[in-house]
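Observations on chain architecture
Residues per chain, in single letters:
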Amino acid sequence: GGKSSSTRPNPYRSILISAIKGSEEMVSLQSLAVAAVQSALLSVDKSVFKRILFASKQIDESSDIDECVVETVRSLCQSVVNKSVTYDGWWKVKFNAAAARTLMDIVS
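Residues numbered from 1 in each chain as written. Predicted model: local features only at pLDDT ≥ 70, side-chain atom pairs only at ≥ 80, totals over all residues. Heavy atoms only, no water.

A word on the pattern of salt bridges
Tallying each qualifying case throughout the model produces two salt bridges. Put simply, Arg13 and Glu71 hold a salt bridge, and the shortest N to O gap is 3.3 Å. Taken as a pair, Arg13 in helix α1 (residues 13–21) and Glu71 in helix α4 (residues 62–80) lie far apart in primary sequence, 58 residues in all. For Arg101, the salt bridge goes to Asp105, with nearest N and O atoms at 3.1 Å. Of this pair, Arg101 and Asp105 both sit in helix α5 (residues 97–107), four residues apart, which is roughly one turn of that helix. When its relative accessible area of 11% is taken as the criterion, Asp105 is described as buried. (Salt bridge = Lys/Arg side-chain N within 4 Å of Asp/Glu carboxyl O. Helix = DSSP H or I, 4+ residues; strand = E, 2+ residues; numbered from the N terminus. Buried < 20%, exposed > 50% of the residue type's maximum accessible area, 1.4 Å probe, protein only.)

Right under this line is the structure:
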């Protein structure tokens, strides 16, 4: 018989990804989200964590899996360098070392 998946999509994954990339109202949670991902990555087996973060057990079609992987890696890349404009118009750019380490750990 066919192999069926009883896993439902993780409702928290999209919130986590949004916080990691610092989109809109989630920008203030970016550092915390990256730290949470790094801690989780260090606490569990990397292959298990990748399946959760990349949603590979939640989707049946490989093109959708690839889309989840691209979305996740893109979000992590966006979290490595944070930029903002100060109240007096200066650009402020910060390198997030924890995000860079998390990205390296995820893709290795």
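From this point, things continue past the structure.
Re the pairing of strand β2 (residues 91–95)
Burial analysis of β2 places just zero of its five residues in the buried class, a small minority of the element. Following strand β1 (residues 81–85), the chain reverses through five residues before pairing antiparallel with β2; Gly89 in that reversal takes a positive phi of roughly 95°. (Pairing = 2+ DSSP bridges.)

Here we look at the side chain of Ser75
Structurally, Ser75 is set in helix α4. Setting aside residues up to four positions removed in sequence, Ser75 forms contacts with Ile17, Ile20 and Lys21. (Contact = heavy atoms within 4.5 Å.)

Some points on the pairing of β1
Two strands pair when backbone bridges link them, and β1 and β2 are joined in this way by five bridges, in the antiparallel orientation. Pairing of Ser84 across the sheet is with Lys92, part of β2.

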